[in-house]
Amino acid sequence: MFSFDPDIEHTTGGTWLRGWGPLLLALPDALLLCGGLLLGYTVHFGGAVFSHAAEWDMASLLILGAYGTALAASGTYCRSPRRMNVSDLLRLGAWLVGAWSGTVALTYAVDPAAMPPRRVLTVLGVVALIGIPGVRVGVRGLLAMQSAPSVGPDPDVSPPSVCLNDLVPREPVAVDRAALHTVLSDRTVLVTGAGGAIGSELSQQLLALEPLRIVLVDMSERNLYRLEQTLRADGYRGDLEVCVADVRDAPLVDSLLARHQPDVVIHTAAYKHVPLMERHPTEAFRNNTQASVQLLQLCEQHAVDRFVFVSTDKAVHPSSVLGTTNQLAEWYVRTGPDSTQCTTVRFGNVFGTDGGVVPRFEEKLAAGEPLPVTHPDMERYFMSPEEACGLVLHTLLLDAFPTYSFRMGDPIRIQWLAERLIRRRYPHVAPETMITYVGRRPGEKLSERLVRDDETMRDTEHPNILGLDGPVPHTRAVLNAHLQRLRSVAAREPPARLRHLLLKTNPGIQPRTNGARSSPLKS
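Keep in mind it's a predicted model, so treat the numbers as computed, not measured. (Residues numbered from 1 in each chain as written. Predicted model: local features only at pLDDT ≥ 70, side-chain atom pairs only at ≥ 80, totals over all residues. Heavy atoms only, no water.)

Topic: the overall build of the protein
So, point 1. Scanning the protein from terminus to terminus reveals 17 helices and 15 strands.
So, point 2. Per-residue burial for the protein yields a buried fraction of 48% across its 523 residues.
So, point 3. Residue pairs in contact within the protein that sit at least 24 positions apart in sequence constitute 79% of those at least 6 positions apart.
So, point 4. For the protein, the exposed surface amounts to about 23,900 Å²; the carbon and sulfur share of it is 56%. (Helix = DSSP H or I, 4+ residues; strand = E, 2+ residues; numbered from the N terminus. Buried < 20%, exposed > 50% of the residue type's maximum accessible area, 1.4 Å probe, protein only. Contact = heavy atoms within 4.5 Å. Areas by Shrake-Rupley, 256 points an atom, 1.4 Å probe, with all protein chains shown as cover.)

Dropping the structure here:
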């Protein structure tokens, strides 16, 4: 009968039951209109109102029908009183004034002799104009006052941010922090992308390990400032350097490494949004591949002991620009010299990070909007930030494999995740009514993998960390030549050309045979 806003279903106190919201608004409106009409006749005729009622039967029905039509057309039944603002009330008032003037013309057109006295119409118009908006204002006020916990969830009050353990219970991951404390006690650790979700969590965990010095690098002044304030508020008084710098700026990074002489560099700075990077392949290449390669080369020149590249499962047989740029960086890390121990740490999505699916869903739910799910079978691996960063740090104690991945449990279907978040905020809503399927975006897969076909999984001394071993796909010389070609295309040709070349570098990687293989980079 009317379109329906999901926030009508569940205001506090359980008043708005699913599907009954418009009716619950229409009933008091009907009573007000009938009461206003009766009051008008009473004012006009005094105590003899009922003896004259039959004279205006048809006119009364026409008048009530005109007001009902105006109320429906105003859209007032499509919106909860909680969501109505001043402009909504003014629009409602305008329709009521229109209904009052329209009743005069309507009754004249149907039966001029049956025209109710103007005093009756005036009283009805005043009652409607004051009473109907007043009902909505009153209901809104009552709902705002019902804040006791026993009355149920309020859609306008955000529940605490959901954690991964709220949805999928996971055993806490043990990290040998005593051993890490010993290893890092006389070392300088530099973290790139320190202001991001992974970098900031790594920074906070590093503080507890008390390295000799911590150097935090990020291009976002705002993020670095907030991180420094958080770290200082936690009482840290150690040697902490905060550097606003873009890792793509080679001379600046060179001077940073020369000044701080880090022993360990953990490189987390990267773009991470698949559809956005599909539209900006040049920036993805410069930030995710070129900057990573450049940073590794500078670390080698400055004799950094350990270089850790934080990668993503999207680099495994990638179908996107983002995955391809990370895969190229992974390949380059494998070609590092023995003087710098280079490792890649690869894992899936970090739960609840800025720009991720969970914060986006929570914003939609807070606004009473449906959740956009790409596909019913879309699934992803998830870890908590604390778990992921703890395991990244633990890999500093390992040296048996070039690449490490984590046991992330079973992948989680995005639709299931959406349903759980809906039930958490709107426990009486059928989740399927608040999910809309929008289709896969460019570059997205239905599911991701953590291990390439040519990699072999091995257990490590940590039960949640897997060592990945496999052939080095390309020599550094081949990679340098290919990267030079990509840089040239990025500088001179349209982004679509660069995107085409990036995606062409990703036919499946096959193990080398007798030390030789055809390289997809030469195609």
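As for the nonpolar core
So, point 1. Formed by 42 residues in total, the largest nonpolar core has its most connected members in Leu206, Leu216, Ile266, Phe347, Val392, Leu393 and Phe406.
So, point 2. Core analysis: the next-biggest nonpolar cluster, separate from the first, contains 37 residues, Leu295, Cys299, Trp331 and Tyr332 among them. (Core = buried A, V, L, I, M, F, W, Y, C linked by side-chain atoms within 4.5 Å.)

Some thoughts on helix 7 (residues 197-209)
So, point 1. With 13 residues, helix 7 extends 19 Å between its outermost C-alpha atoms, agreeing within 8% with the 18 Å of an ideal straight helix rising 1.5 Å per residue.
So, point 2. Burial analysis of helix 7 places 10 of its 13 residues in the buried class, which makes it a mostly covered element.
So, point 3. Residues of helix 7 that are buried: Ile198, Gly199, Ser200, Glu201, Leu202, Ser203, Gln205, Leu206, Leu207 and Leu209.
So, point 4. Positive backbone phi, approximately 55°, marks Glu210, located one or two places after helix 7. (Expected span 1.5 Å × (residues − 1).)

Remarks on the pattern of salt bridges
So, point 1. Across all of its chains, the model carries 18 salt bridges by this definition.
So, point 2. Between Asp246 and Arg248 there is a salt bridge, and its shortest N-O distance comes to 3.0 Å.
So, point 3. Taking relative accessible area as the criterion, Arg248 reaches 25% and is therefore assigned partly exposed.
So, point 4. Between Glu283 and Arg286 there is a salt bridge whose closest N-O contact spans 3.4 Å. (Salt bridge = Lys/Arg side-chain N within 4 Å of Asp/Glu carboxyl O.)

Some words on a nonpolar patch on the surface
So, point 1. Nonpolar side chains collect at one region of the surface, where Val97, Val126, Leu129 and Ile130 lie side by side and expose about 350 Å² of accessible area between them.
So, point 2. No other element matches the 3 residues that helix 4 (residues 118-145) contributes to the nonpolar patch.
So, point 3. On the secondary structure map, Ile130 appears in helix 4.
So, point 4. Accessibility expressed as a relative area gives 59% for Ile130, which makes it exposed. (Patch = residues over 30% accessible without salt bridge, like charges linked within 9 Å, V, L, I, M, F, W, Y side chains within 5 Å.)

Some thoughts on the pairing of strand 2 (residues 213-218)
A regular strand carries its side chains on alternate faces of the sheet.
So, point 1. Counting buried positions along strand 2 gives 5 out of 6 residues, so the element sits mostly inside the fold.
So, point 2. Chirality of the crossover, the property in question, places the unit of strand 1 (residues 188-192), helix 7 and strand 2 among those that are right-handed.
So, point 3. In the sheet, strand 2 pairs with strand 3 (residues 240-244) via 5 bridges, with the strands oriented parallel. Directly across from Val215, in strand 3, lies its bridge partner Glu241.
So, point 4. In this view, the connection linking strand 2 to its parallel neighbour strand 3 by way of helix 8 (residues 221-233) has right-handed handedness. (Right-handed = clockwise from strand over helix to strand, strands pointing away. Pairing = 2+ DSSP bridges.)

Thoughts on empty space enclosed by the protein
So, point 1. If you walk through the whole model with that rule in mind, you get 4 cavities of 30 Å³ or more.
So, point 2. The space that makes up the largest cavity amounts to roughly 50 Å³.
So, point 3. Taken together, the elements giving at least two residues each to the lining of the largest cavity come down to strand 1 and helix 9 (250-260).
So, point 4. Top contributing element to the lining of the largest cavity by residue count: helix 9, with 3 residues.
So, point 5. Considered class by class, the residues forming the lining of the largest cavity number 7 nonpolar, 1 polar and no charged. (1 Å grid on protein atoms, 1.4 Å probe; cavity = no way out; pocket = protein on both sides within 12 Å on 5 of 7 lines; lining within 4 Å. Points joined across faces, edges and corners; volume = space filled by probe spheres on them. Nonpolar A, V, L, I, M, F, W, Y, C, P; charged D, E, K, R; others polar.)

Re the environment of Gly470
So, point 1. Within the secondary structure, Gly470 sits in the loop between strand 15 (465-469) and helix 16 (476-492).
So, point 2. The exposure class assigned to Gly470 is buried, which follows from its relative accessible area of 18%.
So, point 3. With 13 residues separating them in the primary sequence, Gly470 and Met457 have C-alpha atoms 9.1 Å apart.
So, point 4. Excluding its chain neighbours within four sequence positions, the residues that come into contact with Gly470 are Arg334, Asp454 and Glu455.

Some thoughts on the side chain of Thr289
So, point 1. Structurally, Thr289 can be placed in helix 11 (residues 281-301).
So, point 2. Setting aside residues up to four positions removed in sequence, Thr289 forms contacts with Ala284, Thr325, Leu328, Ala329 and Leu483.

As for the environment of Val97
So, point 1. With respect to the element layout, Val97 can be found in helix 3 (residues 86-110).
So, point 2. The exposure class assigned to Val97 is partly exposed, which follows from its relative accessible area of 44%.
So, point 3. Expressed as a C-alpha distance, the spacing of Val97 and Leu129, which sit 32 residues apart in the sequence, is 7.4 Å.

Some details on helix 8
So, point 1. The end-to-end C-alpha distance of helix 8, which contains 13 residues, comes to 18 Å, matching closely the 18 Å that a straight helix rising 1.5 Å per residue would cover.
So, point 2. Contacts made by the buried residues of helix 8 are with helix 7, strand 2 and strand 3.
So, point 3. Positive backbone phi, approximately 95°, marks Gly235, located one or two places after helix 8.

Considering the sheet that holds strand 11 (residues 403-406)
So, point 1. Read from one edge of the open sheet, 9 strands run 3-2-1-4-5-6-11-15-14, paired in mixed fashion. Among the strands making up the open sheet, the edge pair consists of strand 3 and strand 14 (456-459). Taken over all neighbouring pairs, the strand axes of this sheet differ in orientation by 25° on average, direction set aside.
So, point 2. Both strand 6 (residues 341-347) and strand 11 contribute to a ladder of 3 bridges, which runs parallel. Residue pairing across strands places Arg346 opposite Ser405, the latter belonging to strand 11.
So, point 3. The sheet contacts of helix 9 involve strand 1, strand 2, strand 3 and strand 4 (264-267), and relative to strand 3 the element is tilted by about 170°. (Axes fitted to C-alpha atoms, helices over the stretch in contact; angles between N-to-C directions.)

Re unusual backbone geometry
So, point 1. Look at Ala303: it is not a glycine, yet its phi comes out positive at around 55°.
So, point 2. With respect to the helices, strands and loops of the structure, Ala303 is situated in the loop between helix 11 and strand 5 (306-312).
So, point 3. Its relative accessible area of 54% is what places Ala303 among the exposed residues.
So, point 4. Located in the positive-phi region is His317, a residue other than glycine, with phi close to 45°.

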